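# Observations on the three-dimensional arrangement
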Amino acid sequence: GVAVTYLFLQDWRATLIPTLAIPVSLIGTFVVLVPLGFSINVLTMFALILVIGSLVDDAIIVVENCMRIIEEEHLPPKEATKSMQQITGAILATTLVIVAIYAPVGFYGGMVGTIYLQFSVTMCIALCISTINALTLSPALCSLLLRPYNPDKNVVFFAIGFETTTPATAVVLKQ
């Protein structure tokens, strides 16, 4: 996951932010699960495996938006994090939608409800902690780790060929 993030962001500093957000969200989830009496079992681990994509997405959204503001408006990283107001609604909305999908699973009755309660609660807690991280930790790390705009940065072009009638698509990645 870290290698793919680096491949697309092309900046080790930007890659470090989502990389740090993942363990913080997972450890936070375990801290909340222990007082609830949940153990680390197949269902809680399955829930965490499913939710890791969302954990990474929240942090990447913040990093990409900050990088975009730094590059387009030539703002220093600390000022670029003020752009969080542009994406806060989207981050909250995606979290609420996913929680609305998984929370009802915890209310099933009978044996199925007992089994899936830990799954549902783990998913919802991890998503909520990830959202809190995306709105607090990730912008703070962006202001500390990202670099100001540098117009002398090299740009690498490479073509990805597709078997279509159109020529190869050029993709621009920053170094």
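These figures come from a predicted structure and were not determined experimentally.

We now examine the overall build of the chain. A count of helical and extended segments in the chain gives seven helices and two strands. Buried residues in the chain amount to 38% of all 175 residues. A separation threshold of at least 6 residues defines the contact pool for the chain, and within that pool the share at least 24 residues apart is 69%. When the accessible surface of the chain is totalled, it reaches about 10,100 Å², and 70% of it is carbon and sulfur.

Right, let's talk about the packing of aromatic side chains for a bit. Summed over all chains, the structure comprises three aromatic pairs. Where Phe46 meets Phe119, the ring centres are 5.5 Å apart and the plane angle is 25°; that geometry is what we call stacked. Highlighted residues: Phe46 in helix α3 (residues 42-73) and Phe119 in helix α6 (residues 110-135), separated in sequence by 73 residues. What makes Phe46 partly exposed here is its relative accessible area of 41%. Among the residues examined, Phe119 registers a relative accessible area of 6% and is labelled buried. Taken together, a centroid distance of 6.1 Å and an interplanar angle of 80° make the contact between Tyr116 and Phe119 edge-to-face. Residue Tyr116 and its partner Phe119 are both found in helix α6; the two are separated by three residues, about one turn of the helix. Taken together, the ring pairs in this structure connect Phe46, Tyr102, Tyr116 and Phe119 into an aromatic cluster.

For helix α5 (residues 84-102), which comprises 19 residues, the first-to-last C-alpha distance of 27 Å matches the rise-based estimate of 27 Å (1.5 Å per residue) to within 8%. The set of residues buried in α5 consists of Met84, Ile87, Ile91, Thr95 and Val99. Along the axis of α5, the buried positions cluster into a sector of 110°, meaning they face one direction only. Exposed and facing more than 90 degrees away from the buried side of α5 are Leu96, Val97, Ala100 and Ile101.

Confidence along the chain averages 82 in pLDDT terms, with 85% of residues attaining 70 or more. For the chain, strand β2 (residues 169-174) is the element with the lowest average pLDDT, namely 42, and α5 is the one with the highest, namely 93. For the stretch residues 156-175, pLDDT sits under 50, and the model shows 28 contacts to residues farther than four places along the chain or on other chains.

In the structure shown here, the tally under the stated rule is one salt bridge. In this structure, Arg68 engages Glu72 in a salt bridge whose closest nitrogen and oxygen atoms are separated by 3.2 Å. Taken together, the positions of Arg68 and Glu72, both in helix α3 and four residues apart, correspond to about one turn of that helix. Using a relative accessible area of 52% as the deciding quantity, one classes Glu72 as exposed.

Once that is clear, we can look at the nonpolar core. Ranked by internal contacts, the top residues of the largest apolar core, which has 18 residues, are Ala14, Ile17, Val62, Val63, Met67, Cys142 and Leu146. Those elements that place two or more of their residues in this core are α2 (12-33), α3, α5 and α7 (137-145). Filtering out sequence-adjacent residues up to four positions away, Val63 remains in contact with Leu9, Ala14, Ile17, Pro18 and Cys142. With 14 residues, the next largest nonpolar core counts Leu26, Ala47, Ile60 and Met123 among its residues.

With that out of the way, let us pick up a nonpolar patch on the surface. A cluster of nonpolar side chains, contributed by Tyr108, Met111, Val112, Ile115 and Tyr116, occupies part of the molecular surface with about 500 Å² of accessible area. Assignment of secondary structure puts Met111 in helix α6. By relative accessible area, which is 63% here, Met111 ends up exposed.

Between its terminal C-alpha atoms α2 stretches 32 Å, which fits the 32 Å expected from 22 residues at 1.5 Å a residue. Along its buried surface, α2 packs onto α1 (2-9), α3, α6 and α7. If you check the start of α2, you find a side-chain oxygen 3.2 Å away from the backbone N of Arg13, and it comes from Asp11.

Definitions and limits used
- Residues numbered from 1 in each chain as written.
- Predicted model: local features only at pLDDT ≥ 70, side-chain atom pairs only at ≥ 80, totals over all residues.
- Heavy atoms only, no water.
- Helix = DSSP H or I, 4+ residues; strand = E, 2+ residues; numbered from the N terminus.
- Buried < 20%, exposed > 50% of the residue type's maximum accessible area, 1.4 Å probe, protein only.
- Contact = heavy atoms within 4.5 Å.
- Areas by Shrake-Rupley, 256 points an atom, 1.4 Å probe, with all protein chains shown as cover.
- Phe/Tyr/Trp six-rings, centres within 6.5 Å; stacked < 30°, edge-to-face > 60°.
- Expected span 1.5 Å × (residues − 1).
- Arc of directions from axis to C-beta.
- pLDDT = per-residue confidence, 0-100.
- Salt bridge = Lys/Arg side-chain N within 4 Å of Asp/Glu carboxyl O.
- Core = buried A, V, L, I, M, F, W, Y, C linked by side-chain atoms within 4.5 Å.
- Patch = residues over 30% accessible without salt bridge, like charges linked within 9 Å, V, L, I, M, F, W, Y side chains within 5 Å.
- Polar contact = N/O pair within 3.5 Å; in protein donor to acceptor, adjacent residues only side chain to side chain.

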